[in-house]
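Chain by chain, the residues run as shown.
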Amino acid sequence: MSTILEVKHLTKKFDDNEVLKDVSFELKKGETLAVIGSSGSGKSTLLRCLNHLSPPDSGQILLEGVNINTPEIDINSIRADMGFVFQDFNLFTHLNILENVMFGPLRVRGLSKKQARQIAAAEIKRVGMIDKIDSYPAQLSGGQQQRISIARALALKPKLILFDEPTSALDPELTGEVLSVMTALANEGMTAIVVTHEMGFARSVADKVIFIDQGLIVEQGEPKIMFATPRHERTRLFLSNFVRLE
Amino acid sequence: MEILRILISELPQFAKGTLVALEVLAGLLIVGLVLGLAIALAEIFGNTLIKFLATTLRKFLWAIPQLVLLFLVFYLPFDLNRMLAAIIALGLCSSAFQSQIFRGAILSIQSGQLEAAKAMGLSKPKIIFYIVIPQMIRLSIGPWTNEFSSELKDTSLAYVVGVVEIMRNAKYIIAYTYGNTAAVYLFVGILYFTLTRIGTSFFYRLEERLWVPGFEKRSG
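Residues numbered from 1 in each chain as written. Chains lettered and ligands numbered in written order. Predicted model: local features only at pLDDT ≥ 70, side-chain atom pairs only at ≥ 80, totals over all residues. Heavy atoms only, no water.

A. Looking closely at the overall build of chain B. Within chain B, the regular secondary structure consists of nine helices and zero strands. Reading the helices (α) and strands (β) of chain B from amino to carboxyl end gives α-α-α-α-α-α-α-α-α. Across its three principal directions, the C-alpha atoms of chain B cover 70 × 45 × 20 Å. Long-range pairs, those at least 24 residues apart, make up 76% of the contacts in chain B between residues at least 6 apart in sequence. For chain B, the exposed area adds up to about 11500 Å²; of that, 68% sits on carbon and sulfur atoms. (Helix = DSSP H or I, 4+ residues; strand = E, 2+ residues; numbered from the N terminus. Contact = heavy atoms within 4.5 Å. Areas by Shrake-Rupley, 256 points an atom, 1.4 Å probe, with all protein chains shown as cover.)

Here's what the structure looks like:
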C-alpha cells in the first residue's frame, strides 16, 4: 500500500505553551489510525494542524508526497481533500439533511445540482439515514447528526477523513451507531485518522495506534500489541485506566 | 361634521402623500440595509482597519439625531432633490441600527458551522454567502420588523425638508381649516397605524415562511 500522508517534525505553540513538540508519523492508503491520549495531550491540535484549522508552526505535512505546510499551497483545495468530522457535528442548521450533504459537491466541488444530489443520496444511504433526507439537523438525535456529518465529509470524496472525537458528545447507545458506521468505512478501505477515547474502537478497528502525551508521540504501533504489551510506562498507565473500566 | 367632509375630499392628497411616504420608506430601508449589512460584515469579518472604520462610521450615524442629519444632507452644497435628501439622511441613520440587527444575528450563528464550512475548503466569501447570510436573514426578520415600523413612522420627519408626505398633507389641511387640529392628527395617526399593521403582518408571514426547525419562532 502506498503512503498517503507523512508528517515530519510537526510543532505547534499557543503563546508559550508547546502543544505539539516534534510529531512524526506515516499513514498508508486505506489505513485507520487511532490517536489516543489524555485530554490536553495535543491530539485534537494535531488533527487541526493537518488541515490548517490551526496552522502548525513548523514541520512538514506530505499529502501524497507533496508538502502542504507551505504558504504557496492552496489550503482550500487541500481541505476539500481531507474530510473533517467534528465532536459537535456542526451541521448547517438552515439546510435539510440532503442539502447539508449536497453542500460540498455543489459549493466546494462545483458539481451540478443533479450530480450533487446523486452523490449526497448515496452517502446518506451509506450511513443508513435515507429516510431522514428531508429532516433538519435540529430534528435529529446526536448520533444521527454525527452520521450525517460523516456523510457530508464523504460526499467531498476526500483522500482521507479526520475524526475529532466524533463520539465524545454522545451517550453510549448513540456512540454505538456512529462507531458502527466508522467501522464499516474502515472495512471499506477509507483512510482515516480518528482522535478518540473509544479504546474498544482503537483496539479492534484501527490498523495503527498513536499514543500522544504532552505534545509528543510516546508510542505508536499495532493496536493489539500496544494494548497487550505497552512498551512505555506512560502508555501502560494510560491504558490501565481503561482496562480497569472494562 | 365639517372636518369629515374635508378629510374625505382630501383623501386623494393623502393617497399621494402615503405613496410618497412609502417611497421614502422603501428608499431609506434599502440604503440602510445595504450600508448596514456592509457595516455588520466589516465589523465581524474585516481586518483591524476596516473594523475600525466601520465601527467609527456606525457610532457617528448612531449619535446624530435624524433631524440634524436631514438638514445636513439637505443643505449640502450640491443639488439634491428633497426626496433623495430625505432618503439618504434617514437611510444613513437606519444603517447604524440595521447593522446592529445583522451583527447580532450573525454572532448568534454557531461558530462551529463556520469552522465546518472552512474545513470543507470553502472560501470566506462563499462561507458568508452560503452559510452566514441565509441564517442571518432568518434571525434578523423579527428585529428588522421593529426597525421597519420605527422607520415608517420616521418618514414623517421628511416633511421638514419639504417632502410632501402624510404630515405635510396634515399641516396643509390644518392651515386652511380652523380648530380641527386634533381630528386631523387623529386621522393621520390611524393612517400610520394601518400602514404599520399591514407592513408588520407581511414580515411576520415572511418569517413564518422562511422558518426551519431549529430556529426560534414567534409564538402567535
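B. Main features of the overall build of chain A. Broken down by element type, chain A carries nine helices and ten strands. The C-alpha radius of gyration computed for chain A amounts to 18 Å, which stays within 12% of the reference 18 Å derived for 246 residues, consistent with globular compactness. Its C-alpha atoms give chain A principal-axis dimensions of about 55 × 45 × 40 Å. Across the 246 residues in chain A, those meeting the buried criterion constitute 56%. (Rg over C-alpha atoms; globule rule 2.2 N^0.38 Å. Buried < 20%, exposed > 50% of the residue type's maximum accessible area, 1.4 Å probe, protein only.)

C. Inspection of the packing of aromatic side chains at higher detail. Scanning the model with the defined rule gives 13 aromatic pairs over all chains in all. A centroid spacing of 6.3 Å and a plane angle of 25 degrees characterise the contact between Phe71 of chain B and Tyr75 of chain B, whose relative ring orientation is stacked. Accessibility expressed as a relative area gives 60% for Tyr75 of chain B, which makes it exposed. Pairwise contacts between aromatic rings join Phe92 and Phe103 of chain A together with Phe129 and Tyr130 of chain B into one cluster. (Phe/Tyr/Trp six-rings, centres within 6.5 Å; stacked < 30°, edge-to-face > 60°.)

D. Spotlight on the pairing of strand S1 (residues 3-14) of chain A. Residue and element names in this part refer to chain A. In the sheet, S1 pairs with strand S2 (residues 17-28) via eight bridges, with the strands oriented antiparallel. For Val7, the partnering residue across the bridge sits in S2 and is Phe25. Hairpin geometry of S1 and S2 is characterised by an intervening segment of two residues between the two adjacent antiparallel strands and by a positive phi of about 55 degrees at Asp15. (Pairing = 2+ DSSP bridges.)

E. Examining the interface of chain B and chain A more closely. Contacts between the two partners involve 22 residues from chain B, matched on the other side by 23 residues from chain A. When chain B packs against chain A, close to 2000 Å² is buried across both sides, 64% of that on carbon and sulfur atoms. When the area that chain B buries against chain A is broken down by residue, the three leading residues are Ala119, Met120 and Pro213 of chain B, summing to 31%. Counting the contacts that link chain B with chain A gives one salt bridge. In this structure, the salt-bridge partner of Arg48 of chain A is Glu115 of chain B, at a minimum N-O distance of 2.6 Å. On inspection of chain B and its partner chain A, the count reaches eight residue pairs in polar contact (both at pLDDT 80 or more). Residue contributions to the side of chain B that touches chain A peak at seven residues, all from helix H6 (residues 111-119) of chain B. (Buried area = accessible area lost by both parts, 1.4 Å probe. Salt bridge = Lys/Arg side-chain N within 4 Å of Asp/Glu carboxyl O. Polar contact = N/O pair within 3.5 Å; in protein donor to acceptor, adjacent residues only side chain to side chain.)

F. A look at unusual backbone geometry. Residues and elements named next belong to chain A. One non-glycine residue with positive phi stands out, namely His52, at about 65 degrees. Take His52: it is sitting in the loop between helix H1 (43-50) and strand S4 (58-63). In this structure, Glu165 is a non-glycine residue whose phi angle is positive, near 45 degrees. Relative to the assigned elements, Glu165 resides in the loop between strand S7 (160-164) and helix H6 (172-187).

G. Molecular detail of the pattern of salt bridges. Residues and elements named next belong to chain A. All chains considered together, the criterion is met by 15 salt bridges over all chains. For Lys28, the salt bridge identified is with Glu26, shortest N-O distance 3.7 Å. A relative accessible area of 32% places Lys28 in the partly exposed class. Accessibility expressed as a relative area gives 32% for Glu26, which makes it partly exposed. With its nearest N and O atoms 3.7 Å apart, the salt bridge here joins Glu219 to Arg231. Remark: Arg231 occurs in the loop between helix H8 (223-228) and helix H9 (233-245) and Glu219 occurs in strand S10 (residues 216-221); sequence separation between them is twelve residues. A network of salt bridges, in which partner residues are shared, links Glu64, Asp81, Arg109 and Lys159.

H. Molecular detail of the environment of Val23 of chain A. All names here are of chain A. Structurally, the position occupied by Val23 is in strand S2. Residues Val23 and Val218 lie 195 residues apart in sequence; the distance between their C-alpha atoms is 9.9 Å. Residues contacting Val23, with those up to four places away along its chain left out, are Val7, Lys8, His9, Leu10, Leu46, Ile212, Gly215 and Ile217.

I. Main features of the side chain of Thr200 of chain B. Relative to the elements of secondary structure, Thr200 of chain B occurs in helix H9 (residues 181-210). Not counting the four nearest positions on each side in its chain, Thr200 of chain B is found in contact with Thr145, Phe148 and Ser149 of chain B.

J. Quick look at helix H8 (residues 166-176) of chain B. All names here are of chain B. Among the residues of H8, Ile166, Met167, Asn169, Ala170 and Ile173 are the ones counted as buried. For H8, the angular spread of the buried residues around the axis is 155 degrees, confining them to a single face. In H8, the exposed residues that point more than 90 degrees away from the buried face are Tyr172 and Ala175. In this structure, the buried residues of H8 make contact with helix H1 (2-9), helix H2 (11-45) and H9. (Arc of directions from axis to C-beta.)

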